[in-house]
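Residue-level listing of the chains:
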Amino acid sequence: MKIAFLTAECEPYAKTGGLGDVSSALPVALTNLGCDIRVFLPLYKQIDTGKFKLKKAGKPEGYDIKINNLSHHFNLYTTEKEKVEIYFIDCPEYYHRDSIYTNDADEDERFIFFQYAALTSLEIIGFQPDIIHCNDWQSALVPEILNINFRKNKFYGNIKTLLTIHNLAYQGTFKKETTLKAGLPIEKFFPGGPYELYGNFNFLKIGIEYVDSINTVSQRYSEEILTKEYGAGLEGVLETRKNVLSGILNGIDTKEWSPEVDNYLPVNYNYDTLNLKSEVKKELLKRSHLNYNSENLLIGMVSRFVWQKGYDILNDIMDEILSENIEMIILGDGDKKYLDFFQKYIDKYPGKICLHYGYNNELAHLITAGSDAFLMPSRYEPCGLNQMYSLRYGTLPIVRKTGGLADTVTDITEDEKKGNGFVFENFVPIELMNKIYTAQDIFKNDKAKWKIMQKRGMEMDFTWNNSAEKYLRLYKSIIK
């Protein structure tokens, strides 16, 4: 099975979120299952070519691509990561910016060019894939570009396509003129037509319309996006393609996220030595300038502070939470209103709550391991990784019943035999408050039950091997 994997991010080269993790780990897991997979991404200014030992591929002088009378030059670079060949599209004109994504006027052109260059590179390196695996809007035009501009070349004649939607909210919407920039027929842009949505050219809609198969990063999310609440305006288009829509839960990197081997922890622990987890809690509280009390429930949060993540729900219940024997440690950054909100309660309840602003990988690991419970009250969550990390560390999640959170966390009051956390259904403060009270009650009064729940979570298999096997089955079904 030959797979070309197109992505805007890939850790450790370029990452802003979960897409970077997926693009790094999934190809490695697929290679271990016998796939021949090549990853393509732009060569951003931030990527250290020396550190990652990039070398030129193809002609030393590079290549020119003409799209709708505009010609652009690119070079192709490559390196290897865990037996996976990674290819970089080098075009300084487009990719030497201060950030991976921009609000620049040519943001559409940047990722149109990436898709053309990646497709062209397949023939340059002599790699004829069975499937091109596209990810999010930045590569969603590939199925249509392939159909309109590449199929006449027999090299591309039989290639199938898959589009993975990591977050439907980000769609790549631009003005009508982007149709011509993309080298696509302007007659397909009209109200209600395949290229148009609410008056704009929409990368993701076009991908959904023309790709052979679509999947999302959890089963629940693949069902939710067919509804008006979660469909972000594309629910109608998705409904017409639901026969080729499925969900595969992301995995986690257990070489980095495992309490047995985590180098960021003051002491390592496992299923059989859970009592050592309290030593991590003590260290976390010390670094956060909070006092240790074995009876206090410590709730951790690691997140971007944006509307999607749902922290507004805490507005009406923080006084109730912090008046109990509960402490909170938060790590993240984002919208200023959330920082101001947390700061208000730090001032009001000194010694009960700590905010670490920004992102710090060591602290993220400490909070995941040292907290008793991990809070994720998301409005929507396509997959989510933090709840899987916390389960692996014996830290019980408190989550909203949505997307990947619903697929991975089972509420203890709903199912005594499978419960591994606390789940509230509606985005209503009292529902969350009740789940926090339940968690506090079990933590304080039923240590045996708490430990059973911890071990239940630690036993769950969230490795990429499991997810990669499902992707391999999906690839085979697409080819059939």
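Structure shown above.
All residue numbers refer to position in the chain's written sequence, counted from 1. Given that the model is predicted, a residue must reach a pLDDT of at least 70 before its local features are reported, and side-chain atom pairs must reach 80 or more before they are shown or counted; all residues, however, enter totals for whole chains, interfaces and linings. Only heavy atoms go into the side-chain values, all of them from the structure, while hydrogens and water stay out.

A.B. asks: An account of the sheet that holds strand β19 (residues 422-424) is requested, with residue identities and associated values reported.
C.D. replies: Any two strands between which DSSP finds at least two bridges are classified as paired. Helix and strand assignments come from DSSP, with helices taken as H or I runs of at least 4 residues and strands as E runs of at least 2, each series counted from the N terminus. Pairing is parallel across the open sheet formed by six strands, whose spatial order is β16-β15-β14-β17-β18-β19. In the strand order of this sheet, the two ends are held by β16 (353-357) and β19, each with one partner. Between one strand axis and the next, the sheet turns through 15 degrees on average, direction left out of account. Note on contacts: a residue pair qualifies if any of its non-hydrogen atoms lie within 4.5 Å across the two residues. Every angle, taken between N-to-C directions, lies between 0 and 180 degrees, and every axis is a line fitted to C-alpha atoms, over only the stretch in contact when it is a helix. Against the sheet, helix α15 (residues 429-445) engages β14 (297-305), β15 (326-334), β17 (373-376), β18 (396-400) and β19, with an angle of about 165 degrees to β19. Sheet contacts for helix α16 (residues 447-458): β14, β18 and β19; angle to β18, the most-contacted strand, approximately 80 degrees.

A.B. asks: Please give an account of the nonpolar core that cites residues and values.
C.D. replies: The biggest cluster of nonpolar side chains holds 96 residues, and the ones touching the most others in it are F113 and I132. For this core, the element with the highest residue contribution is helix α3 (residues 107-124), accounting for nine residues. Membership of the second largest hydrophobic core comes to 37 residues, among which are I313, I330, I398 and I442. The criterion is simple. A nonpolar core is a set of buried Ala, Val, Leu, Ile, Met, Phe, Trp, Tyr and Cys residues joined through side-chain atoms within 4.5 Å. Note on classification: 1.4 Å probe, protein chains only; a residue is buried when its accessible area is under 20% of the maximum for its type, exposed when over 50%, partly exposed between these limits.

A.B. asks: Kindly report on the layout of surface pockets, identifying the contributing residues and their values.
C.D. replies: Quantified by volume, the second largest pocket comes out at close to 360 Å³. Here a cavity means grid points, on a 1 Å grid over the protein atoms only, where a 1.4 Å probe fits yet cannot get out; a pocket means an open set of points with protein on both sides within 12 Å along at least five of seven lines; lining residues are those with an atom within 4 Å of a point. Taken together, 15 residues make up the lining of the second largest pocket; nearest its centre are L274, S278, D372, F443 and Q454. Taken together, the elements giving at least two residues each to the lining of the second largest pocket come down to α9 (277-287) and α16. Tallying contributions element by element places α16 first for the lining of the second largest pocket, with four residues. Each residue gets one label: Ala, Val, Leu, Ile, Met, Phe, Trp, Tyr, Cys and Pro are nonpolar, Asp, Glu, Lys and Arg are charged, and the others, such as Gly, are polar. Of the residues assigned to the lining of the second largest pocket, the class counts are four nonpolar, five polar and six charged. Grid points are joined across faces, edges and corners, and a volume is the space filled by probe spheres set on the points.

A.B. asks: I'd love a proper account of the pattern of salt bridges, names of residues and values included.
C.D. replies: One side-chain nitrogen of Lys or Arg within 4 Å of one carboxyl oxygen of Asp or Glu is enough to make a salt bridge. Under the defined criterion, the tally for this structure stands at 25 salt bridges. For R97, the salt bridge goes to D104, with nearest N and O atoms at 2.7 Å. Residue R97 is classed as buried on the basis of its relative accessible area, which comes to 14%. Residue classification places D104 among the partly exposed residues on the basis of a relative accessible area of 36%. Taking the shortest distance from any N to any O, the salt bridge between E283 and R287 comes out at 3.1 Å. Highlighted residues: E283 and R287, both in helix α9, separated by four residues, approximately one helical turn. Of the residues examined, R287 reaches a relative accessible area of 35% and is grouped as partly exposed.

A.B. asks: Go over the pairing of strand β2 (residues 36-42) with me, naming the residues and quoting the values.
C.D. replies: With six of seven residues buried, β2 is to be regarded as a mostly interior element. Summarising the sheet, strand β1 (residues 2-6) and β2 pair through five bridges and their orientation is parallel. From the neighbouring strand, L6 faces β2, where its bridge partner is F40. In this fold, the crossover linking β1 to β2 by way of helix α1 (residues 18-32) has right-handed handedness. With five bridges connecting them, β2 and strand β6 (residues 84-90) associate as parallel partners. Bridge pairing links L41 to F88 in β6. Orienting the strands away from the viewer, one traces the path from the first strand over the helix to the second; a clockwise path indicates a right-handed crossover.

A.B. asks: Report on empty space enclosed by the protein, specifying residues and quantitative values.
C.D. replies: Picture a little ball the size of a water molecule; that probe, rolled over the atoms, points out where space is still empty. Applying the stated criterion across every chain yields a total of one cavity of 30 Å³ or more. Quantified by volume, the largest cavity comes out at close to 80 Å³. Lining of the largest cavity is provided by I67, N68, L70, H72, Y94, E109, I112, F113 and K181. When contributions to the lining of the largest cavity are tallied by element, the ones reaching two or more residues are β5 (70-81) and α3. Per-element tally for the lining of the largest cavity: the top contributor is α3, with three residues. When its residues are assigned to classes, the lining of the largest cavity shows five nonpolar, two polar and two charged.

A.B. asks: Which residues make up the side chain of S467, and what values do they have?
C.D. replies: Relative to the helices and strands, S467 resides in helix α17 (residues 464-479). For S467, a relative accessible area of 6% translates into the label buried. Discounting residues that sit within four places of it in the chain, S467 has contacts with I248, L249, N250 and G251.

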